[in-house]
Amino acid sequence: MKDSLRQQFERLAFRLSELDTILADGSAASDMKRYRALSKEQSEVGELVSQYRRYQQREADLSAAREMLEDQDMADMAREEIIAACADIAALDESLQLALLPRDPDDERNAFLEIRAGTGGDESALFAGDLARMYLRFCERQGWRTEVMSESVSDLGGYKELVLRVEAPGAYGKLKFESGGHRVQRVPATESQGRIHTSACTVAVMPEPDEAEEIQLNPAELRIDTFRASGAGGQHVNKTDSAIRITHLPTGLVAECQDDRSQHRNKAKAMAVLAARLREKDRSERAAKEAATRKGLIGSGDRSDRIRTYNFPQGRLTDHRINLTLYKLDAIMNGELDEVVRAMQAAQAAEQLALLEGRS
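Residues numbered from 1 in each chain as written. Predicted model: local features only at pLDDT ≥ 70, side-chain atom pairs only at ≥ 80, totals over all residues. Heavy atoms only, no water.

Undergrad: Account for the pairing of strand β5 (residues 197–207), with residues named and values stated.
TA: With seven bridges connecting them, strand β1 (residues 111–117) and β5 associate as antiparallel partners. Bridge assignment links alanine 111 to a residue of β5, and that residue is proline 207. Across seven bridges, the pairing between strand β4 (residues 180–186) and β5 is antiparallel. Across the sheet, the residue bridging to glycine 180 is valine 203, located in β5. (Pairing = 2+ DSSP bridges. Helix = DSSP H or I, 4+ residues; strand = E, 2+ residues; numbered from the N terminus.)

Right, dumping it as structure tokens:
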């Protein structure tokens, strides 16, 4: 481990002593918000310092084992300890470096996942439906709860637009890399000549804000329209103006919900989506400024980026951000996205480690 990283962990050990003193005093409990923040920091820093002390202990064990090699009676035992200590040190070193990487505070949040048909007409809408099924099956495999916030169904099937809410700790952290342009190459069902067509959809993944941190919307800046829900029919469809569309006038952003029979609940859901979109707009603008000075490996997450190609004739998925190619498209479209997610997370971690080492 580099000396600069050791110094960071020693600073963390000093900070842990500070936190222990502050929390033991008891006066911090008078401000519960501050107390909870300090307690959380103490827990996180304490875990890191504990790992670092374990790393130092295994270094000491390794040094002692090497000295034992000179004793013929202890040599075999020493060699076994050296192998074990080296393995532990390598694992702890990797774990500690990853622990120092900056964390996105949004990663543990629920997520809104938005799919929109793009170029390609009806085929694009059908592909949007395929993407929706892929994500729904992935969420089901994870044991996550999903809810349709709004949908606009295409005439031939699929979606012109679909917004899903994914409820699970860590949902945003796993789904966030899906933001961008998704391109499909295949023979459409409507193609009589058997020619391969290319069409595209865009996906946007937004963290659901905490209620306490949610953007405060000024009612004077909102236009709220009610309309009758559209759908496949049924007892309650088109009977009441329960669907809600909310327009944020300063930005032109729009959110709507028609999934619930209750106008009140539809309004609450649409407000939540609008707040997430405004928050994501602010985040994207900040990311664009940062990207101007440093081009990230993973990309800006802007929906105009073409991030992935789904080639059905070849059964191939290619993620252009990390040059990942997998010939298991059927399984992926059936929700087996785990390998793709892990590859993206690993690529981000590798980039952050390189930056961390560059500053050291």
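Undergrad: Please provide a residue-by-residue account of the confidence of the model for the chain, values included.
TA: Scored by pLDDT, the chain comes out at a mean of 84, with 87% of its residues at no less than 70. Predicted confidence is poor over residues 232–238, with pLDDT under 50, and the contacts of this stretch with residues over four places away or in other chains come to seven contacts. Taken as a whole, residues 293–304 scores under 50 in pLDDT and shows 24 contacts with residues more than four places along the chain or in a different chain. (pLDDT = per-residue confidence, 0-100. Contact = heavy atoms within 4.5 Å.)

Undergrad: Provide a residue-level description of the side chain of threonine 247, including the pertinent values.
TA: Inspection of the secondary structure assignment puts threonine 247 in strand β7 (residues 243–248). Relative accessible area serves as the criterion here: at 8%, threonine 247 is assigned to the buried category. Residues in contact with threonine 247, not counting those within four places in the same chain, are Glu221, Leu222, Arg223, Leu253 and Val254. (Buried < 20%, exposed > 50% of the residue type's maximum accessible area, 1.4 Å probe, protein only.)

Undergrad: Provide a residue-level description of helix α2 (residues 32–68), including the pertinent values.
TA: With 37 residues, α2 ought to run about 54 Å at 1.5 Å a step, and its terminal C-alpha atoms sit 53 Å apart, in line with that. The complete set of buried residues in α2 reads Leu38, Val45, Leu48, Val49, Gln51, Tyr52, Tyr55, Arg58, Leu62 and Ala65. The secondary structure elements touched by the buried residues of α2 are α1 (3–25) and α3 (75–99). (Expected span 1.5 Å × (residues − 1).)

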